[in-house]
Amino acid sequence: MRAGSVKDGAMSTTPTATTAAMAVPRAPATEKAIAPAPKVLFATLMKDLRLEWRSKDAINSMVFFALLVVVVFSFSFDPTGDDARRIAGGLIWVAFLFAAVVALGQTWAREIRNQVLDAYRVSTAPANDLFLAKALGNFLFVTVLEVVMTPLFVVFYNLRVIGPAYLLPVVAVLGTWALVVNGTFFAAISLRTRSREVMLPLILFPISIPALLGMVEATKIVLTGESSAKFWIVLLAVYDLVFTTVCLTLFETVLDAE
Amino acid sequence: MKTPVLIAIAVVVALLAFGLYQGLVVAPTEQTMGDVQRIFYYHVPSAWTGILLFTANFFASIWYLFRRTTVSDSIAVTTAEVGLVFWTIVLITGPIWARPVWGIWWTWDARLTSTLVLWLIYVSYLIVRRFSSGGQTAVLAAALAVFGFADVPFVYLSIWYFRTQHPQPVIGGGGKLDPAMWHAVLYNWLAFIAFALVLCWFRYQLERKQRDVEETLALESLLEGSPR
């Protein structure tokens with residue numbers, strides 16, 4: 001455990017420092033607009049993925065957490081009954097939401113060490129690239145979680161898809177992005193507050209209620225094959241669009257908040 | 001206390017008294033619900049006032065993001081807090097009315113649920129204000145206010161669609177209001193807005209004074225050279 005954390009700390013120094021260093025001397029401040037946008041995004045994303053690949057911090061804790069939720073929920077109702085299909089949508093997404101908060105909370109923690117975030121702030125690298133890299137990284141982590149956990153849900157809750165199954169990945173992608181884009185932004189907000197671990201769910205959950213409702217309802221409709229999930233998928237898509245825009249508009253302001 | 005403030009308070013008290021008189025005496029008793037319905041004259045004006053204050057909070061936050069003035073941030077915190085008070089009154093008076101009329105305190109009807117979700121959003125806004133420190137508070141809160149306001153249409157739309165799929169015997173929507181009832185509602189709304197403005201004025205003054213104190217303390221500790 002100790003060795004692992006030390007290794008993690010040491011590793012986080014090198015690649016993040018490289019990323020920031022790469023961004024700082026690239027251009028004088030006057031040429032801010034010319035900063036190579038996708039390069040910063042790609043470098044940050046790859047750095048986070050490599051860190052996660054070596055430490056597996058986020059994935060391990062997320063998967064185990066989701067597994068616990070599955071088991072704990074199974075005590076509160078009969079999971080293999082006929083009703084299981086109706087509640088499964090809600091259950092799956094609540095488990096993913098709770099588990100995602102674990103990963104989201106760690107998003108910026110690495111960048112605090114060694115003042116990497118401050119280096120970003122003074123560098124010419126566009127702030128939104130950093131944000132998008134973090135959001136995409138979280139998106140990938142949560143997607144992996146979903147891919148790992150979905151078979152378990154199917155087995156444990158005896159699920160069978162009656163509606164059009166090809167819609168489920170669409171719902172998953174739209175829903176995950178809705179959680180992750182706001183979650184990444186709010187993690188940056190809660191970073192500046194006291195008791196930051198508690199703060200993230202406190203601000204993320206109320207704002208995410210419409211998205212959560214969309215995911216749960218769409219999943220339930222597909223599982224039971226009762227009606228059309230079109231409304232919910234459109235709602236999720238518009239939600240994603242609106243909040244991605246708001247996040248990208250406001251991120252630099254929040255990053256520079258003093 | 002200064003004379004204009006005293007006059008304002010007197011006007012508010014008079015308006016509230018007149019509104020109460022309109023609601024309790026002038027407005028006719030509702031046919032099926034009886035006197036319980038009179039809570040409507042407080043419930044609806046509170047809701048409208050709350051919405052006005054939340055909207056003011058949104059515009060003050062946008063103003064802050066553009067101009068970074070302490071005035072706009074003070075207005076934002078003031079309107080959010082006072083708005084939340086009125087919104088809480090809505091959430092309390094609703095069940096008091098619902099219990100005798102519907103036979104239940106609460107139902108997960110579209111309108112009730114979205115009211116509650118909006119309440120949660122603004123509570124989380126105030127929590128962030130409370131838990132963040134120093135000069136960052138204003139920026140973080142303003143950003144969050146934009147998120148909260150952008151979320152409102154989604155909340156209403158999603159919950160409305162969600163609940164109307166499962167029809168419930170709820171909300172006396174149709175029907176016409178007696179003109180005297182309308183008068184009672186509108187007078188009370190006027191009184192509530194005046195009341196809210198006076199409350200906001202006091203809260204705003206308090207906020208400004210608090211900032212002055214903090215600034216002075218910071219300056220003092222700077223001059224003394226000892227970290228506080």
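The rules behind the values
Residues numbered from 1 in each chain as written. Chains lettered and ligands numbered in written order. Predicted model: local features only at pLDDT ≥ 70, side-chain atom pairs only at ≥ 80, totals over all residues. Helix = DSSP H or I, 4+ residues; strand = E, 2+ residues; numbered from the N terminus. Buried ≥ 20, exposed ≤ 12 C-beta atoms within 10 Å, placed from the backbone. Contact = placed C-beta atoms within 7 Å. Nonpolar A, V, L, I, M, F, W, Y, C, P; charged D, E, K, R; others polar. Axes fitted to C-alpha atoms, helices over the stretch in contact; angles between N-to-C directions. Parallel < 35°, antiparallel > 145°, perpendicular 65-115°, else oblique. Left-handed = near helix turned anticlockwise from the far one by under 90°. pLDDT = per-residue confidence, 0-100. Core = buried A, V, L, I, M, F, W, Y, C linked by C-beta atoms within 7 Å. Expected span 1.5 Å × (residues − 1). Arc of directions from axis to C-beta.

*Asks:* Any details on the overall build of chain B? Residues and values, ideally.
*Replies:* A tally of regular secondary structure across chain B gives 6 helices and 0 strands. Order of helices (α) and strands (β) in chain B, N terminus to C terminus: α-α-α-α-α-α. Out of the 228 residues belonging to chain B, those deemed buried represent 35%. Within chain B, counting contacts between residues at least 6 apart in sequence, those at least 24 apart form 78% of the total.

*Asks:* Just give me the short version of the overall build of chain A, but keep the residues and values in it.
*Replies:* The number of helices and strands found in chain A is 10 helices and 0 strands. Helices (α) and strands (β) of chain A occur, in sequence order from the N terminus, as α-α-α-α-α-α-α-α-α-α. Relative to its 258 residues, chain A shows a buried fraction of 43%. Nonlocal contacts in chain A, meaning residues at least 24 apart in sequence, comprise 86% of its contacts between residues at least 6 apart.

*Asks:* Describe in detail unusual backbone geometry, supporting the description with residues and values.
*Replies:* Despite not being glycine, Q115 of chain A has its phi angle at roughly 55°, a positive value. Its 12 C-beta neighbours within 10 Å are what place Q115 of chain A among the exposed residues. Here R68 of chain B, not a glycine, exhibits a phi torsion of approximately 55°, which is positive. Structurally, the position occupied by R68 of chain B is in the loop between helix 2 (40–67) and helix 3 (70–102). Judged by the 13 C-beta atoms lying within 10 Å of it, R68 of chain B is partly exposed.

*Asks:* Can you lay out the interface of chain A and chain B for me, pointing to particular residues and giving the numbers?
*Replies:* Taken together, the contact between chain A and chain B spans 26 residues of the former and 28 residues of the latter. At the level of secondary structure, the elements contributing two or more residues to the side of chain A that touches chain B comprise helix 9 (196–224) and helix 10 (230–255) of chain A. Considering each element in turn, the side of chain A that touches chain B owes the most residues, 10 residues, to helix 9 of chain A. Taken together, the residues of the side of chain A that touches chain B sort by class into 18 nonpolar, 4 polar and 4 charged.

*Asks:* Report on the packing of helix 2 of chain B against helix 6 (residues 179–224) of chain B, specifying residues and quantitative values.
*Replies:* All names here are of chain B. Interhelical geometry of helix 2 versus helix 6 gives an angle of 45° and a closest axis separation of 8 Å. For the element pair helix 2 / helix 6, the angle class is oblique. When you trace helix 2 past helix 6, the crossing you get is right-handed. Touching Y41, Y42, V44, P45, S46, W48, T49 and L53 of helix 2 are A184, V185, N188, W189, F192, I193 and A196, all from helix 6. In terms of residue class, the contact of helix 2 with helix 6 is made up of 12 nonpolar, 3 polar and no charged.

*Asks:* Break down the packing of helix 7 (residues 127–156) of chain A against helix 10 of chain A for me, citing the residues and quoting the values.
*Replies:* All names here are of chain A. Two elements in contact, helix 7 and helix 10, have axes whose closest approach is 9 Å; the angle formed by their N-to-C orientations is 110°. Accordingly, the angle class assigned to the pair helix 7 and helix 10 is roughly perpendicular. As for how helix 7 packs across helix 10, the hand of that crossing is right-handed. Contact residues: helix 7 offers A127, N128 and F131, while helix 10 offers C247, L248, F251, E252 and L255. Its residues assigned to classes, the contact of helix 7 with helix 10 comprises 6 nonpolar, 1 polar and 1 charged.

*Asks:* Give me the lowdown on the confidence of the model for chain B, citing residues and values where you can.
*Replies:* One rule of thumb: low pLDDT means the predicted coordinates there are not for detailed reading. Residues and elements named next belong to chain B. Here chain B averages 85 in pLDDT, while 92% of its residues score no lower than 70. Helix 2 holds the highest mean pLDDT among the elements of chain B, 92, whereas helix 5 (residues 136–164) holds the lowest, 86. Scored by ipTM, the complex comes to 0.81, with pTM at 0.82.

*Asks:* Tell me about the nonpolar core, residues and numbers included.
*Replies:* The biggest cluster of nonpolar side chains holds 123 residues, and the ones touching the most others in it are F96, A100 and I189 of chain A together with L144 of chain B. With 14 residues, the single largest contributor to this core is helix 9 of chain A. When residues no more than four places from it in sequence are discounted, the contact partners of A100 of chain A are V142, L179, V180 and G183 of chain A.

*Asks:* Before we move on, could you go through the environment of V222 of chain A and cite the residues and values that matter?
*Replies:* Structurally, V222 of chain A can be placed in helix 9. In sequence terms V222 of chain A and I162 of chain A are 60 residues apart; their C-alpha atoms lie 6.8 Å from each other.

*Asks:* Mind laying out the environment of A103 of chain A, listing which residues take part and the relevant values?
*Replies:* As for its position among the elements, A103 of chain A is in helix 4 (residues 84–106). Apart from the residues within four sequence positions on either side, A103 of chain A is in contact with A58, M62, N138, F141 and V142 of chain A.

*Asks:* Give me the confidence of the model for chain A: which residues, what numbers.
*Replies:* Of the residues in chain A, 84% reach a pLDDT of 70 or more, and the chain-wide mean stands at 81. For residues 1–32 of chain A, every residue scores under 50 in pLDDT, and the model assigns this stretch 38 contacts once sequence neighbours within four places are set aside.

*Asks:* I'd like to hear about helix 3 (residues 57–76) of chain A, residue by residue, with values.
*Replies:* All names here are of chain A. For helix 3, built from 20 residues, the straight-helix expectation of 28 Å at 1.5 Å per residue is met to within 8% by its first-to-last C-alpha distance of 29 Å. Burial in helix 3 covers these residues: A58, M62 and A66. All buried residues of helix 3 lie within an arc of 55° about the axis, which places them on one face of the element. For helix 3, exposure combined with an orientation more than 90 degrees from the buried face picks out N60, F64, V71, V72 and F75.

*Asks:* How would you sum up the environment of E217 of chain A? Please name residues and give values.
*Replies:* Following the sequence through the fold, E217 of chain A ends up in helix 9. Other than its neighbours up to four places away in sequence, E217 of chain A contacts W232 of chain A together with F162 of chain B.

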